[in-house]
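Each chain is listed here by its residues.
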Amino acid sequence: MTLQQEIVGNAMQMAVVSLQPGQTVYCEAGKFLFKTVNVTMETRLSGPSNSGGGQQQGGGGGGMGGLLRQAMGTAMQVGQRALAGESLAFQYFTAQSGEGTVGFAGVLPGEMRALELDGTRAWFAEKDAFVAAESTVDFGIAFQGGRTGMSGGEGFVLEKFTGRGTVIIAGAGNFIDLNPADFGGRIEVDTGCVVAFEEGIQYGVQRVGGLNRQGIMNAVFGGEGLSLATLEGNGRVILQSLTIESLANALKKAQGGDKQGPTGGLFSTHAG
């Protein structure tokens, strides 16, 4: 059953979802706006793969063994989300006795996007991009390992969406859709500008220039620090025009507490 949704607004968009009787959508805690009275709301620690319907799909779900497996699966999910700094709980909304309506929004001024998963390709998104999804979409956490994770800043923790159905994400500022294949197979991006990308895109981090005079100038005065994100391959990439760090620095500057420093680059004291 396709999720009927409409994204409305400009500077801070929201998603208005129309639910058919019995249809369920879930969101990260804190992203809910409003609902009609015939839509039930339930808060759970488990993701959709461990929720009510999922228990019956796993087979051998009865007895103490099934309950123990379910509890361990939920604990692993919660542990992953806690380690990633994500919300510990999800809110589930189900329409009862007719069609229902639910509204969701992100936490920053910017755009939203509905992604359609067909079961063949996963999507990856930056931390906190997830807003809501059909119960047929599984939400997971992917960690960037090694040097990519340690130097990637915002890219260390990624949200991963698999399954079939609609998932709604949000970001800051305006979105632009790109395919690295249209630009020679590779693009280089500020690490805070990546919102989401399809499975098959290779995500990495590289140093800005070499350890020479120009490389030092880029790092100290260029505003990008020492690293850029790299995206390679053939697939869809969504970028945002506003980074959380630049928004935080602008707000601090407006309050008389500019933390970016005179260089705007490596010596920024932003603690994000």
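The numbers attached to residues start from 1 for each chain and follow its sequence in the written order. Totals for whole chains, interfaces and linings use every residue, but because this is a predicted model, local features are given only for residues with pLDDT of at least 70 and side-chain atom pairs only at 80 or more, for both listing and counting. By convention in this description, side-chain values take in all heavy atoms of the structure and omit both hydrogens and water.

Q: How should the side chain of Lys31 be read in this particular structure?
A: Only DSSP runs of H or I covering at least 4 residues are called helices, and only runs of E covering at least 2 are called strands; the numbering of each starts at the N terminus. As for its position among the elements, Lys31 is in the loop between strand S3 (24–28) and strand S4 (32–35). In protein, a polar contact requires one atom able to donate a hydrogen and another able to accept it; more generally it is a pair of N or O atoms within 3.5 Å, and residues adjacent in sequence count only if both atoms are side-chain atoms. Here Glu28 takes part through its side chain, which lies 3.0 Å from a polar atom of the side chain of Lys31. Within the structure, the side chain of Lys31 is placed 2.6 Å from the backbone oxygen of Phe130, a separation counted as a polar contact. In this analysis, two residues are considered to be in contact whenever any of their non-hydrogen atoms come within 4.5 Å of each other. When sequence neighbours within four positions are dropped, the list of residues in contact with Lys31 reads Gly103, Phe104, Ala105, Gly106, Val107, Asp128, Phe130 and Val131.

Q: What should I look at first to understand the packing of aromatic side chains in this one?
A: Stacked, edge-to-face and tilted labels apply to pairs of Phe, Tyr and Trp rings (six-membered ring for Trp) whose centres lie within 6.5 Å, assigned for plane angles under 30 degrees, over 60, and everything in between, in that order. Counted according to the given criterion, the structure contains 12 aromatic pairs. Measuring from centroid to centroid gives 5.5 Å for Tyr26 and Tyr92, while their planes differ by 25°, and the two rings are stacked. In this pair, Tyr26 sits in strand S3 while Tyr92 sits in strand S6 (residues 90–95), placing the two residues 66 residues apart along the sequence. Pair check on accessibility: Tyr26 and Tyr92 agree, each one buried. Plain terms: the ring middles of Phe93 and Phe104 are 5.6 Å apart, the flat faces sit at 70° to each other, and that makes the pair edge-to-face. Linking Phe93 in strand S6 with Phe104 in strand S7 (residues 100–105), this pair joins segments that are 11 residues apart in sequence. Neither Phe93 nor Phe104 differs from the other in exposure class; each is buried. Aromatic ring contacts, followed pair by pair, group Tyr26, Phe90, Tyr92, Phe130, Phe139 and Phe161 into a single cluster. Charge-over-ring contacts are defined here by two conditions on Lys NZ or Arg CZ: a distance within 6 Å of the ring centre and an angle within 35 degrees of the ring normal. A cation sits over an aromatic face here: Arg44 above Tyr92, 3.9 Å from the ring centre. The cut-offs for exposure are 20% and 50% of the maximum accessible area for each residue type, with area from a 1.4 Å probe on protein chains only; residues under the lower value are buried, those over the upper are exposed, and the others partly exposed.

In short, the description is geometric, and any link to function would need to be established separately.
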